[in-house]
Amino acid sequence: MSIGMIGFVASMIMQGFSPPCSDDRYNDFDFWVGTWDVYVGESLMGRNVITKEEAGCLVLETWTSARPPPPFMACTAYDPQALLRLTQHLHSRHPQAWLVQI
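Summary of the structure given here. (Residues numbered from 1 in each chain as written. Predicted model: local features only at pLDDT ≥ 70, side-chain atom pairs only at ≥ 80, totals over all residues. Heavy atoms only, no water.)

### Structural notes on empty space enclosed by the protein
For clarity, the threshold we go by: For cavity detection a 1 Å grid was placed over the protein atoms alone, and a set of points counts as a cavity when a 1.4 Å probe fits there but cannot get out; an open set counts as a pocket when protein lies on both sides within 12 Å along at least five of seven lines, with lining residues being those that have an atom within 4 Å of a point. Grid points are joined across faces, edges and corners, and a volume is the space filled by probe spheres set on the points. What counts as a helix is a DSSP run of H or I of at least four residues, what counts as a strand is a run of E of at least two, and both are numbered from the N terminus. Only Asp, Glu, Lys and Arg are considered charged, only Ala, Val, Leu, Ile, Met, Phe, Trp, Tyr, Cys and Pro nonpolar, and every remaining residue, Gly among them, polar.
Under the criterion given, the structure shown has 1 cavity of 30 Å³ or more. Here the largest cavity is characterised by a volume of approximately 40 Å³. As for the largest cavity, its lining consists of Tyr26, Phe29, Gly56, Cys57, Leu58, Val59, Thr76, Ala77, Tyr78 and Arg85. Of all the elements in the fold, those that place two or more residues in the lining of the largest cavity are β3 (58-65) and β4 (72-79). The element best represented in the lining of the largest cavity is β4, accounting for 3 residues. Considering only residue class, the lining of the largest cavity consists of 7 nonpolar, 2 polar and 1 charged.

So, in C-alpha cells, the structure goes:
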C-alpha cells in the first residue's frame, strides 16, 4: 500500500503536479536535513547527505562510504491516509523497505 504511495507521488510529479504536503508530519525529519560526515573515533566512515525532495514530500538520504560497502540511497515518505511512514532503501546488494506506523 505505501509502496504504491511512492508510485503515486512519482506519477503525479511526472505529470507536472506537486502534491500538497502541508501536514506537519512532513517536517518531522527537518532536523536531519544537511550534510553529515560520520566518524567512528577519528576515522571517517562516510558522508550522509539528507535532502527534502519533490515539494517537501520525500526525504532523500544519500550515503557515500569512505570504504566498502558501496553507497546507497533511502527515500522516506509519509502517507497521511494510513498514518504510516515508508522508508525504502535502494542498495545494490540488499533492497529493503520498512513501514513505520506513527
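After that view, the rundown keeps rolling.
### Topic: the packing of aromatic side chains
What characterises a pair of aromatic rings is the spacing of the ring centres plus the angle enclosed by the ring planes. We apply this condition: Think of it this way: a Phe, Tyr or Trp ring, Trp meaning its six-membered ring, pairs with another when their centres are within 6.5 Å, and the plane angle makes it stacked under 30 degrees, edge-to-face over 60, tilted otherwise. Buried, partly exposed and exposed residues are distinguished by accessible area as a fraction of the type maximum, computed with a 1.4 Å probe on protein chains only: under 20%, between the cut-offs, and over 50%, respectively.
For the coordinates displayed, the defined rule picks out 3 aromatic pairs. With a centroid separation of 6.3 Å and 45 degrees between ring planes, the pair formed by Phe29 and Phe31 is classed as tilted. Taking the relative accessible area as the measure of exposure, Phe29 reaches 26% and is therefore partly exposed. Phe31 gets classed as exposed once you look at its relative accessible area, which sits at 61%. A network of ring pairs unites the aromatic residues Phe29, Phe31 and Trp32 as a single cluster.

### Examining the state of the cysteines
The test is simple: Two cysteine sulfur atoms make up a disulfide if the distance between them is within 2.5 Å.
Applying the stated criterion to the full structure yields 1 disulfide. Disulfide pairing is shown between Cys21 and Cys57; the S-S distance is 1.8 Å. One quick way to see it: the torsion about the S-S bond of Cys21 and Cys57 is about 90 degrees, and its sign makes the bridge right-handed. Of the two residues, Cys21 sits in the loop between α1 (2-14) and β1 (34-40) while Cys57 sits in the loop between β2 (43-53) and β3, which places them 36 residues apart along the sequence. Here Cys21 matches Cys57 in class, with each residue buried.

### Points about the pattern of salt bridges
Using the following cut-off: Just to be clear on terms, a salt bridge is a Lys or Arg side-chain nitrogen sitting within 4 Å of an Asp or Glu carboxyl oxygen.
By the definition in use, this model includes 2 salt bridges. A salt bridge links Asp30 to Lys52; the shortest N-O distance between them is 2.8 Å. With a gap of 22 residues between them, Asp30 in the loop between α1 and β1 and Lys52 in strand β2 connect regions that are remote in the sequence. Note on Lys52: relative accessible area 27%, which makes it partly exposed. The partner of Arg47 in a salt bridge is Asp37, with the nearest N and O atoms 2.6 Å apart. You can see Arg47 sitting in strand β2 and its partner Asp37 sitting in strand β1, a full 10 residues away along the chain. By relative accessible area, Arg47 is classed as partly exposed at 41%. Taking the relative accessible area as the measure of exposure, Asp37 reaches 37% and is therefore partly exposed.

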